Amino acid sequence: MIKLLDYMRDHLVYLDGGTGTLLQERGLLPGEEPERWNLTHPEEIAWIGRAYYDAGSNIVLTNTLGANSLNFSDEELSRIVFAAVENTRRAKELSAGAQEKYIGLDIGSLGKLLKPYGDLDFEEAVAIYARTVRLGAEAGADLIFIETMNDSYDTRAAVLAAKENCTLPVFASNAYGADGKLMTGADPAAMVAMLEGLGVDALGANCSLGPKELKEVVSEYLRTASVLVLVKPNAGLPESKDGKTYYNVDPEEFSEDVAEFARMGARLIGGCCGTTPEYIRRLVEKTKDIVPRPVTDKGLSVISSYTHAVTFGKDPVLIGERINPTGKKRFKEALRNEEIDYILKEGLRQEENGAQVLDVNVGIPEIDEPVLLKRVCEELQAVTALPLQIDTTDVIAMEGALRRYNGKAMINSVNGKEAVMREIFPLVKKYGGLVVCLTLDEDGIPERAEKRVEIARHILEVAAEYGIAKKDLIFDTLAMAVSADDHAALSTIEALRRISTELHCLTSLGVSNVSFGLPNREIVSAAFFNAALENGLSAAILNPNSAEMMKTYYAFRALHGLDPNYMDYIEHIGRLAAVSAQVPAQAPGPSAESGAEGGAAGGRSEAGKTSYNKEAIHSDGTGGDDKQALQQALQQAILKGLKEQAAEAARKLLETEEPLSVVNEQIIPALDTVGQGFEKNTIFLPQLLMSAEASRKAFEEIRRKVSESGKQASGRGKFVIATVHGDVHDIGKNIVKLLLENYGFEVIDLGKDVPKERVVEAVIREQAPLVGLSALMTTTVPAMEKTIQLLRKEAPWARVIVGGAVLTQEYADKIGADHYAKDAMATVRYALELGGEKE
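None of these values were measured; they are calculated from a predicted model.

**Some thoughts on the overall build of the protein**
Alright, step 1. A tally of helices and strands in the protein yields 30 helices and 25 strands.
Alright, step 2. Looking at the 839 residues of the protein, the share that counts as buried comes to 62%.
Alright, step 3. The contacts of the protein with a sequence gap of at least 6 include a subset with a gap of at least 24, amounting to 76%.
Alright, step 4. Looking at charge distribution, the protein has the averaged site of its 92 positive side-chain charges lying 1 Å from that of its 123 negative ones.

So this is what it looks like as structure tokens:
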């Protein structure tokens, strides 16, 4: 047998199709775990695998999508995985197909959100995935196929588990919504950046949508990916008939659409929900004469957050410098006291003022840097969608933060010292990243530009030894204070120009260093910034709150054709000029740069986040004692997900205002604003959840005040919620629960894998007017329909809301639901329509 990776180089690779609908046809009952059929019905599993191999599949996946230690005991999990691999091996042996055949260990989502959005720790998730990976590798799988992942962080945990616990090829596939994003906000470019950084062998999309709906997603993968792209669409959209699930795209239409993906450059093709061996057979026939398009290195230098990628090269990138203790007494105090919300505000302010990346440095001697750096990075990613630059000289701290970073980070930094490169480059190879390379070595910072260029060449050579490409390196030619050396800026600019033009590499500078010790530092810094930009600067680490720096940035972009119709310049320059006019002259000194704590530049970040009033929240996070300021502070804290500030502002407001007034006039309007942003795709699920957590902190203060007064808390009514029988995924349900509780509903959460009788019993017991049912898997939708039927019979007053990845409005109508909720906020909106005012 040809090794899989060798075979993939020159051939189209045919994947298998759906399993759930075939199992239902062969007798799988609603709510029954498909994975147990590996033990109880091995002949049926082998028959399905053989049918796919006979249809032409090169890779058939094991029946292990939900096989993990959250769902099965260790002993049963081991038996299931070994039996699943053996069943697929048996299918392979029985197949008459002459093509190369491989066994893929199928790994699906754990069905839980990871901290800080959920309750499962990242390392716990890695450990759960790792056990399944080890079992599959030991049983004899040929590859690890991670699929139907709708969260980038969950995907990262699964990929790390696979890479660390076996030597098999690793494929990763994500499930996109109709908006072209994952449930938690990532677009294809963000996933490509992260997954290529982690070293997967193939990546792509599966499930959720039919081939026509996936076309834009596939196009974006092919535009950005430098590894093989895989595609496994559904057979269109699901429909229900006689208690069974059907899909509306037939084999002929499906095969023609997916064949077009192969012509576009996709190299691994197959099907997901609703597809059968006949779909794969037709697909093989349609594509047998297509010559596979070679995979090319796109040469993109990118980093990413959990939502989007930032590309370096054409348009200069701004990296906010303010999350750094150097020269900042108050910031050092915040680090020592672990005042996380103070640090988050620094990040949010820079985002508002135009930063596209945030540098994160917490290095002071008095703190445990590995612990605090990891925490600050996690907390920042909970409130902002900007990518981060992890800035530390502590290798342990660097690895701890990189490992848990949700995306592909900037890494600050390596330099020409051999020991430093040998420590940092292995981390870059393992976790991915764009590395800042300082042009200094064991002899210090060279005075001459020529020596800095030599150091850059040496760094390139060592990086190549670790398989790190030039596109993942960005060189800092080190801005030095001109007050100490009046030729320092010239050497820096010359080295920058030569690295850009001769080595064709990216460049970066910490711009403000050049003016250290001078009066009115912004003037010198802005002039130096412009000179660097004119000589090829790719990224600047600077203070985006500085009006002078931002004026230079917008003017440069406008003059160099990077700002079509001068739209950004026109939007921002008036305000920036007004700010400059208000900033007084400054005396020389280390803290004079850029109006250190004031002089906000104003602006708009790339991610398009909801704006907020920076002045509303004082340094203690409360808005002071003024009533109006406190009201603003509470709303802004909820908008930005600042939990402790929300609690403190609510606590102070309750000294003079009635609890119901705080809820109706401050908390609910803020939640509505966030919800509207979510519905318009201007903010994403993690931000929605963190805003909900902030409001929950405020509600805790409300409940405490009400309890002290002896009054009865008001509410909007009861809402029973459950994931239906046989389905162990409860992400969506938990999100809905959190939001409903914040809007004042009493939520009776029955958990996951809930039999229909338990749902009905709870509705009757609580006399609940509203019921929410969730299902992620095709095989569990019949259980949802049966639950609705029993509710209609035993609790006819209850309105039923349904949601889940496999559902559509038409499907919801056919199974008798009162309302289909496409996302969590849609559930809240419907409940509010029916729930009326608070009791």
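Structure's up, so let's keep going.
**Here's the deal with the packing of helix H6 (residues 122-139) against helix H7 (residues 152-165)**
Alright, step 1. It is at 8 Å that the axes of H6 and H7 come closest, and there the two elements cross at 45°. Overall, the two elements H6 and H7 adopt an arrangement that is oblique. Judged by the sense of rotation from one axis to the other, the crossing of H6 with H7 is right-handed. The segment H6 lies against H7, with Phe 122, Ala 125, Val 126, Tyr 129, Ala 130, Val 133 and Arg 134 engaging Tyr 153, Asp 154, Arg 156, Ala 157, Ala 158, Leu 160, Ala 161, Ala 162, Glu 164 and Asn 165.
Alright, step 2. The residue inventory of the contact of H6 with H7, partitioned by class, reads twelve nonpolar, one polar and four charged.

**Quick notes on the packing of helix H17 (residues 449-465) against helix H18 (residues 488-501)**
Packed helices, taken two at a time, are described by the angle their axes make and the gap between the axes.
Alright, step 1. Between H17 and H18, the least distance of the axes is 8 Å, while the angle of their chain directions is 40°. Considering the angle they form, H17 stands oblique to H18. The two elements H17 and H18 meet at a crossing, and its hand is right-handed. Contacts between H17 and H18 pair Ala 449, Glu 450, Arg 452, Val 453 and Ala 456 from the former with Ser 491, Thr 492, Glu 494, Ala 495, Arg 498 and Ile 499 from the latter.

**Things to note about the side chain of Gln 356**
Alright, step 1. Tracing the backbone shows Gln 356 in the loop between helix H13 (340-352) and strand S14 (357-360).
Alright, step 2. Classification of Gln 356 by relative accessible area gives buried; the value is 13%.

**Quick notes on the packing of aromatic side chains**
Alright, step 1. In the structure shown here, the tally under the stated rule is nine aromatic pairs.
Alright, step 2. Ring centres 6.0 Å apart and planes at 45° place the aromatic pair Phe 425 and Tyr 466 in the tilted group. Here Phe 425 is found in helix H16 (residues 418-431), whereas its partner Tyr 466 is found in the loop between H17 and strand S18 (473-476), with 41 residues between them in sequence.
Alright, step 3. Here Tyr 466 falls in the partly exposed class, since its relative accessible area comes to 23%.
Alright, step 4. In this arrangement the basic side chain of Arg 26 is found over the ring face of Trp 47, its NZ or CZ atom lying 3.8 Å from the centre.

**Re the sheet that holds S18**
Alright, step 1. Read around the closed barrel, eight strands run S13-S14-S15-S16-S17-S18-S19-S20, paired in parallel fashion. In this sheet, neighbouring strand axes are inclined to one another by 30° on average, regardless of whether the strands run parallel or antiparallel.
Alright, step 2. Contacts between helix H15 (residues 395-404) and the sheet are confined to strand S15 (388-391) and strand S16 (410-415), with S16 contributing the most and set at about 150° to the helix.
Alright, step 3. Together, S16, strand S17 (434-438) and S18 form the strand contacts of H16, whose direction differs from that of S16 by roughly 155°.

**Considerations on the confidence of the model for the protein**
Alright, step 1. Overall, the predicted model of the protein reaches an average pLDDT of 91, with 93% of residues at or above 70.
Alright, step 2. Confidence drops under a pLDDT of 50 for residues 589-623, and excluding neighbours within four residues, the segment shows 124 contacts in the predicted structure.

**Examining the environment of Ile 702**
Alright, step 1. Within the secondary structure, Ile 702 is located in helix H25 (residues 685-709).
Alright, step 2. In this structure Ile 702 comes out as buried when scored by relative accessible area, which is 7%.
Alright, step 3. Taking the C-alpha atoms as reference points, Ile 702 and Leu 653, 49 residues apart in sequence, are found 10.0 Å from one another.

**A look at the sheet that holds strand S22 (residues 746-749)**
Alright, step 1. The parallel open sheet is built from five strands, whose spatial order is S22-S21-S23-S24-S25. Each edge of the open sheet is held by one strand with a lone partner, namely S22 and strand S25 (819-820).
Alright, step 2. Where strand S21 (residues 718-723) meets S22, four bridges bridge the pair, whose relative direction is parallel. Bridge pairing links Phe 719 to Val 747 in S22.

**Here's the deal with the pairing of strand S7 (residues 228-232)**
Alright, step 1. Counting buried residues along S7, five of its five residues qualify, which places the element largely inside the surrounding structure.
Alright, step 2. Along S7, one buried face is formed by Leu 228, Leu 230 and Lys 232 and the opposite face, lined by Val 229 and Val 231, is buried too.
Alright, step 3. As paired elements, strand S6 (residues 202-206) and S7 share five bridges and run parallel to each other. Considered in S7, the bridge of Leu 203 is made with Val 229.
Alright, step 4. The parallel pair S6 and S7 is bridged by helix H9 (residues 215-224), and the resulting crossover is right-handed.
Alright, step 5. Sheet analysis places S7 next to strand S10 (residues 268-269), joined by two bridges and oriented parallel. Counted as the bridge partner of Val 231 is Ile 269 from S10.

**Focus: a nonpolar patch on the surface**
Alright, step 1. On the surface, a nonpolar cluster with roughly 340 Å² of combined accessible area is contributed by Leu 559, Tyr 566 and Ile 570.
Alright, step 2. Relative to the assigned elements, Tyr 566 resides in the loop between helix H20 (547-559) and helix H21 (567-582).

**Some words on the pattern of salt bridges**
A side chain of one charge can pair with a side chain of the opposite charge if their charged atoms are brought near each other.
Alright, step 1. Under the definition given, this model contains 59 salt bridges.
Alright, step 2. Here Arg 36 ties to Glu 76 by a salt bridge, and the two come within 2.6 Å at their closest N and O atoms. With a gap of 40 residues between them, Arg 36 in the loop between helix H2 (20-25) and helix H3 (37-40) and Glu 76 in helix H5 (residues 74-94) connect regions that are remote in the sequence.
Alright, step 3. Of the residues examined, Arg 36 reaches a relative accessible area of 29% and is grouped as partly exposed.
Alright, step 4. Two residues, Glu 644 and Lys 697, come together in a salt bridge whose shortest N-O distance is 3.9 Å. Pair noted here: Glu 644 is in helix H23 (residues 643-653) and Lys 697 is in helix H25, with a separation of 53 residues, a long-range link.

**Some points on helix H12 (residues 329-336)**
Alright, step 1. Of the positions making up H12, those classed as buried are Phe 331, Ala 334 and Leu 335. Down the axis of H12, the smallest arc covering the buried residues is 100°, so these residues share one side.
Alright, step 2. On the buried face of H12, the contacting elements are H13 and helix H14 (369-383).
Alright, step 3. Where H12 ends, the next residue or the one after it, Glu 338, has phi of about 50°, a positive value.

**Structural notes on the nonpolar core**
Alright, step 1. Residues Phe 425, Leu 634 and Ile 667 are the most contacted members of the largest nonpolar core, which totals 196 residues.
Alright, step 2. For this core, the leading source of residues is H25, giving ten residues.
Alright, step 3. Not counting residues up to four positions away in its chain, the partners in contact with Leu 634 are Ala 646, Ala 649, Ala 650, Leu 653, Val 662, Gln 666, Ile 667 and Ala 698.
Alright, step 4. Counting residues in each nonpolar core, the second largest holds 31 residues, with Leu 750, Ala 762, Val 806 and Tyr 811 among its members.

**Some thoughts on unusual backbone geometry**
Alright, step 1. For the bond running from Lys 115 to Pro 116, omega is 10°, close enough to zero to count as cis.
Alright, step 2. The linkage connecting Asn 412 with the following residue, Ser 413, adopts the cis geometry, with an omega of 20°.
Alright, step 3. For Tyr 566, which is not glycine, the phi dihedral falls at a positive 55°.

**Re the pairing of S18**
Alright, step 1. A two-sided burial pattern is seen for S18, the buried positions comprising Leu 473 and Phe 475 on one face and Ile 474 and Asp 476 on the other.
Alright, step 2. Pairing between S17 and S18: four bridges, direction parallel. Bridging across to S18, Cys 437 finds its partner in Phe 475.
Alright, step 3. In the classification by handedness, the crossover that spans S17, the intervening H17 and the parallel S18 is right-handed.

**Regarding the state of the cysteines**
Alright, step 1. Under the counting rule described, the total for this entry stands at zero disulfides.
Alright, step 2. With no disulfide of its own, Cys 377 has Cys 437 as its nearest cysteine by sulfur position, at a separation of 19 Å.
Alright, step 3. Residue Cys 437 stays outside any disulfide, its sulfur separated by 8.4 Å from that of Cys 505, the closest cysteine.
Alright, step 4. Given a relative accessible area of 0%, Cys 437 falls into the buried group.

**Remarks on H23**
Alright, step 1. Of all the residues in H23, the buried ones are Gln 645, Ala 646, Ala 647, Ala 649, Ala 650, Lys 652 and Leu 653.
Alright, step 2. In this structure, the buried side of H23 is in contact with H13, helix H22 (627-640), helix H24 (659-679) and H25.

About the criteria used
- Residues numbered from 1 in each chain as written.
- Predicted model: local features only at pLDDT ≥ 70, side-chain atom pairs only at ≥ 80, totals over all residues.
- Heavy atoms only, no water.
- Helix = DSSP H or I, 4+ residues; strand = E, 2+ residues; numbered from the N terminus.
- Buried < 20%, exposed > 50% of the residue type's maximum accessible area, 1.4 Å probe, protein only.
- Contact = heavy atoms within 4.5 Å.
- Lys, Arg positive; Asp, Glu negative; His and termini not counted.
- Charge placed at Lys NZ, Arg CZ, Asp CG, Glu CD.
- Axes fitted to C-alpha atoms, helices over the stretch in contact; angles between N-to-C directions.
- Parallel < 35°, antiparallel > 145°, perpendicular 65-115°, else oblique.
- Left-handed = near helix turned anticlockwise from the far one by under 90°.
- Nonpolar A, V, L, I, M, F, W, Y, C, P; charged D, E, K, R; others polar.
- Phe/Tyr/Trp six-rings, centres within 6.5 Å; stacked < 30°, edge-to-face > 60°.
- Lys NZ or Arg CZ within 6 Å of the ring centre and 35° of its normal.
- Pairing = 2+ DSSP bridges.
- pLDDT = per-residue confidence, 0-100.
- Right-handed = clockwise from strand over helix to strand, strands pointing away.
- Patch = residues over 30% accessible without salt bridge, like charges linked within 9 Å, V, L, I, M, F, W, Y side chains within 5 Å.
- Areas by Shrake-Rupley, 256 points an atom, 1.4 Å probe, with all protein chains shown as cover.
- Salt bridge = Lys/Arg side-chain N within 4 Å of Asp/Glu carboxyl O.
- Arc of directions from axis to C-beta.
- Core = buried A, V, L, I, M, F, W, Y, C linked by side-chain atoms within 4.5 Å.
- Disulfide = S-S within 2.5 Å.

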